[in-house]
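Structural overview
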Amino acid sequence: MRACVDIGGTKVAVSLSASSDAPLVGRRSEPTAKTGDNDAVAVQILRMIDEVCAEQGIDPATIERVGVSSTGPFELHDGMVELATPNICGGIAGPARGLPNQWMTAIIEAPLARRFGQVRVENDAVAGLEAERHWGALKGFDHCAYATWSTGVGVGLCVDGRALRGKNGNAGHAGHSFVVDDASGALCGCGNLGDVEALVAGNSISRRFGQPAPDLFSAASAGEPHSLEIVDALCRVMGRMLYNMIITLDLQRISLGGSVFWHHRDFLLPRLQAQIDGKLMPLTRGVLLVPAGLGEKVGDYAALALLD
Ligand SMILES: [Zn+2]
């Protein structure tokens, strides 16, 4: 048996699968642990795996492989992945960010590896990219990306048929690339002022505009002029980040997921595509932004894609 784990800034999900071609069963999801010691998320995952096994009548001892698709960035300590994630670890940006802990990292791989035979932890956008290339909207594309617009903003990149990983598995952290100068006052959980996440991520939208992203997007899609103006500005930042990826890496297609995007995809997609079309034509001609083929299940299949 395999356990598939999806760690986000907001939620942790666990499901099981008998093989890489078998369906996912017994999915459980709960808010990501953010209090207590910095092994709290690992302890939560171990408990959730046991609970899913109990529900499904599966002996937890039969689980040999665990795939973890997680929000980043990562730090390696003794070769084991720890999360240095701004939306989980409160010690990174300090008290201004308002998280209920002082963690600089959350340990993940070591506690799982002590119990299970094989554990593979990858950045969720890299794992999502692998899933979209296996089963989703990026099948057959050798130069592509998967981007998630959710609590945070992440990108997984593939060039010449090879997913890019980088020195600590952190390639694709374009969400922390700078957009405006420090005077914007927009604080990202990573400590940066004025990066993409600070301006457009789900958690930033709530803090900047005093309402959750779904409310803002609903008002905009209903034609409310002030909301529409804000959403157009958000799409300009997000769309330009995607444009930057396309022209830097000469990509063919980008598939998009994440809760902020997904629930208003029909409204947002043309606004994002408008930031690509007609610009530097030799590089952008025919390049399409598409909704993730796996839809809201990218996270679950992302973990499974790591266990091929
Ligand atoms: Zn940042």
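Given the structure is predicted, the values throughout are model-derived calculations rather than measurements.

**Considerations on the side chain of His264**
Turning to its location among the elements, His264 is positioned in the loop between helix H8 (259-262) and helix H9 (265-273). Those residues within four positions of His264 in sequence are excluded, and the remaining contacts are Pro214, Phe217, Ser218 and Ser221.

**Remarks on the sheet that holds strand E1 (residues 2-7)**
Two strands in a sheet stick together by hydrogen bonds in their backbones, pointing the same way (parallel) or opposite ways (antiparallel). Ordered in space as E3-E2-E1-E4-E8, the five strands form an open sheet in which the pairing is mixed. Two strands bound the open sheet, and with one partner strand each, they are strand E3 (25-31) and strand E8 (118-123). Neighbour-to-neighbour, the strand axes of this sheet turn through a mean angle of 15°, independent of strand direction. Where E1 and strand E4 (residues 65-70) come together, six bridges link them in parallel fashion. The partner of Cys4 across the bridge, within E4, is Gly67.

**Re the sheet that holds strand E9 (residues 144-149)**
Overall, mixed pairing links the five strands, which are arranged E11-E10-E9-E12-E13 in an open sheet. Looking at the sheet topology across the chains shown, the edges are occupied by strand E11 (162-163) and strand E13 (288-291). Looking at chain direction, E9 and strand E12 (residues 253-257) are connected through five bridges and run parallel. Across the sheet, residue Ala147 finds its bridge partner in E12, namely Leu256. Across the sheet, helix H3 (residues 124-135) lies against E9, strand E10 (153-159), E11 and E12, angled at about 55° from E10, the strand it touches most.

**Section: the state of the cysteines**
With the rule as written, the count across this model stands at zero disulfides. Cys53 supplies the cysteine sulfur nearest to Cys4, a cysteine that is in no disulfide, at a spacing of 12 Å.

**Digging into the coordination of the zinc ion**
Around the zinc ion, the protein contributes the donor atoms His176 (ND1), Cys188 (SG), Cys190 (SG) and Asp195 (OD), which lie 2.0 to 2.3 Å from the metal centre. In this structure, the zinc ion is coordinated by four donor atoms arranged in tetrahedral fashion, with angles at the metal of 104 to 117°. Asp195 gets classed as buried once you look at its relative accessible area, which sits at 0%.

**Let's talk about the domain arrangement of the chain**
Assigned domains of the chain: these are domain 1 (2-122) and domain 2 (137-292). The centre of domain 1, based on its C-alpha atoms, is set 25 Å off from the matching centre of domain 2. With twelve residues of domain 1 at the contact, the number on the domain 2 side is 16 residues. Where domain 1 abuts domain 2, roughly 1100 Å² becomes buried across the two surfaces, and 50% of that area is made up of carbon and sulfur atoms. It is Phe74, Asn87 and Arg97 in domain 1 that bury the most area against domain 2; as a group they hold 37% of the surface buried on that side. Our count for the contact surface shared by domain 1 and domain 2 stands at one salt bridge. Two residues, Glu122 and Arg165, come together in a salt bridge whose shortest N-O distance is 3.0 Å. Counting the contacts that link domain 1 with domain 2 gives four residue pairs in polar contact (both at pLDDT 80 or more).

Conventions and cut-offs
Residues numbered from 1 in each chain as written. Predicted model: local features only at pLDDT ≥ 70, side-chain atom pairs only at ≥ 80, totals over all residues. Heavy atoms only, no water. Helix = DSSP H or I, 4+ residues; strand = E, 2+ residues; numbered from the N terminus. Contact = heavy atoms within 4.5 Å. Pairing = 2+ DSSP bridges. Axes fitted to C-alpha atoms, helices over the stretch in contact; angles between N-to-C directions. Disulfide = S-S within 2.5 Å. Donors = N, O, S within 2.8 Å, 3.2 Å for Na, K, Ca; no water. Tetrahedral: all angles 85-135°; square planar, octahedral: opposite > 155°, others 65-115°. Buried < 20%, exposed > 50% of the residue type's maximum accessible area, 1.4 Å probe, protein only. Domains from an automatic or database assignment. Buried area = accessible area lost by both parts, 1.4 Å probe. Salt bridge = Lys/Arg side-chain N within 4 Å of Asp/Glu carboxyl O. Polar contact = N/O pair within 3.5 Å; in protein donor to acceptor, adjacent residues only side chain to side chain.

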